[in-house]
Amino acid sequence: MHNDQAAGLRAMQSSQTSAPVSEESAPKKTSGRPPKPVRVLAVASGKGGVGKTNVSVNLSVSLAQLGNRVLLMDADMGLANVDIMLGLQTKYNLAHVLDGEKTLREVMVDAPGGIKVIPAASGVKRMAQLSTAENAGIINAFSEIDGFLDILVIDTAAGIADSVVSFCRASQDVIVVVNDEPASMTDAYALIKVLSKEYNLTKFKLLANMVRTEKHGLMLYDKFSKVCEQFLDVYIDYLGTVPFDHDLREAIQRQTPVTIAKPNSESAKAFRKIAAEINNWPIPTGITGYLQFFVERLFQSQNS
Ligand SMILES: Nc1ncnc2c1ncn2[C@@H]1O[C@H](COP(=O)(O)OP(=O)(O)O)[C@@H](O)[C@H]1O
Ligand SMILES: [Mg+2]
């Protein structure tokens, strides 16, 4: 992204803070206070099927229960299923925003648990490869919702697709989900390797999913973080463990997040514990805390 464009975005940001916005669909804004910085969390994994979408959905719901205004973006263009897990019927998605047909607010849908969802668009190219018009469209789209949001959670695709890289490097925190299958660990390692060596990302949060106990999750973290920290220039923090839980599978059948369908289940308790931890992280400060920064990063070309 050109510097002048970035400066323009920041100017837009400061002029936006005082602009009244009264759309009904907008999340409530606390009156009299300047917009709070937005925390952007990417949920990634390397391998598919390890539980990224469940983690994204249930952490979003749990973070909303703690009083945050949460927007969940389904960025898995290939195998979009946030809408299925939440039982949503969606008509529009990010592609309509890119085409300029809809605003971001028009494609955002209300989901159970009080969260908002941006449904996935299939076949969307790497963000850095979008045309100038598409860029402008999405930048405007995001600046429109700045100040109405506390947390943006991004459910990314499996693997090391361009879009996964774009979203991870634009986020403040990358949550890497693993389970105890060897392929899940090697694929997560490969993802972290690319993000660290080619894009200078150095901090990751590990979430162990579908394991027997928290102790087992901690062992997995120990093993994984040691290997990463030995061979790569990275720090891996332990975020938490979500146990294997039949209640979670039943909730999926009911198309309701387990944190809503079975709030007393072991997995729901684990999601709430992790959300409480995230809620205690320091509030992002400076330009990194604003959506414009996120969007700027999203459009930066490959190795910048
Ligand atoms: N904690 C868990 N306990 C039991 N099964 C789980 C758990 N997390 C995920 N699963 C199972 O794994 C499947 C894939 O989960 P999903 O969130 O769609 O993964 P991903 O988004 O990484 O592909 C789910 O359909 C569910 O059957
Ligand atoms: Mg998924």
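Here the structure is a predicted model, which is why all the values come from computation and not from measurement.

What follows deals with the site of ligand 1. Near ligand 1 lie 17 residues; those nearest to it are Gly49, Lys52, Thr53, Asp245 and Arg249. Here a nitrogen atom of ligand 1 and a side-chain polar atom of asparagine 209 are 2.9 Å apart. Here aspartate 245 contributes a backbone N or O atom positioned 2.9 Å from a nitrogen atom of ligand 1. The protein chains hide 84% of the 560 Å² of surface that ligand 1 would expose on its own. In this structure, ligand 1 is accommodated by the largest pocket. Counting only elements with at least two residues in the shell around ligand 1, the list comes to helix H2 (52-65), strand E7 (203-211), strand E8 (235-243) and helix H10 (246-253). Of the residues assigned to the shell around ligand 1, the class counts are eight nonpolar, six polar and three charged.

Packing of helix H8 (residues 182-197) against helix H9 (residues 214-231) brings their axes to within 11 Å, and their N-to-C directions diverge by 35°. Crossing hand, H8 versus H9: right-handed. Side by side, H8 and H9 meet where Met185, Ala188, Tyr189 and Ile192 of the first sit next to Leu220, Lys223, Phe224, Val227, Cys228 and Phe231 of the second. Tallied by class, residues from the contact of H8 with H9 come to nine nonpolar, no polar and one charged.

Now for the pattern of salt bridges. For the structure on display, the rule yields eleven salt bridges. Between aspartate 173 and arginine 39 there is a salt bridge, with the nearest N and O atoms lying 3.9 Å from each other. Of this pair, aspartate 173 sits in strand E6 (residues 173-178) while arginine 39 sits in strand E1 (residues 39-44), and the two are 134 residues apart along the sequence. Across the pair, exposure class does not vary: aspartate 173 and arginine 39 are buried alike. A salt bridge links arginine 69 to aspartate 150; the shortest N-O distance between them is 2.9 Å.

Conventions and cut-offs
Residues numbered from 1 in each chain as written. Chains lettered and ligands numbered in written order. Predicted model: local features only at pLDDT ≥ 70, side-chain atom pairs only at ≥ 80, totals over all residues. Heavy atoms only, no water. Near = heavy atom within 4 Å. Polar contact = N/O pair within 3.5 Å; in protein donor to acceptor, adjacent residues only side chain to side chain. Areas by Shrake-Rupley, 256 points an atom, 1.4 Å probe, with all protein chains shown as cover. 1 Å grid on protein atoms, 1.4 Å probe; cavity = no way out; pocket = protein on both sides within 12 Å on 5 of 7 lines; lining within 4 Å. Sits in = over half its atoms within 2 Å of the grid points. Helix = DSSP H or I, 4+ residues; strand = E, 2+ residues; numbered from the N terminus. Nonpolar A, V, L, I, M, F, W, Y, C, P; charged D, E, K, R; others polar. Axes fitted to C-alpha atoms, helices over the stretch in contact; angles between N-to-C directions. Left-handed = near helix turned anticlockwise from the far one by under 90°. Contact = heavy atoms within 4.5 Å. Salt bridge = Lys/Arg side-chain N within 4 Å of Asp/Glu carboxyl O. Buried < 20%, exposed > 50% of the residue type's maximum accessible area, 1.4 Å probe, protein only.

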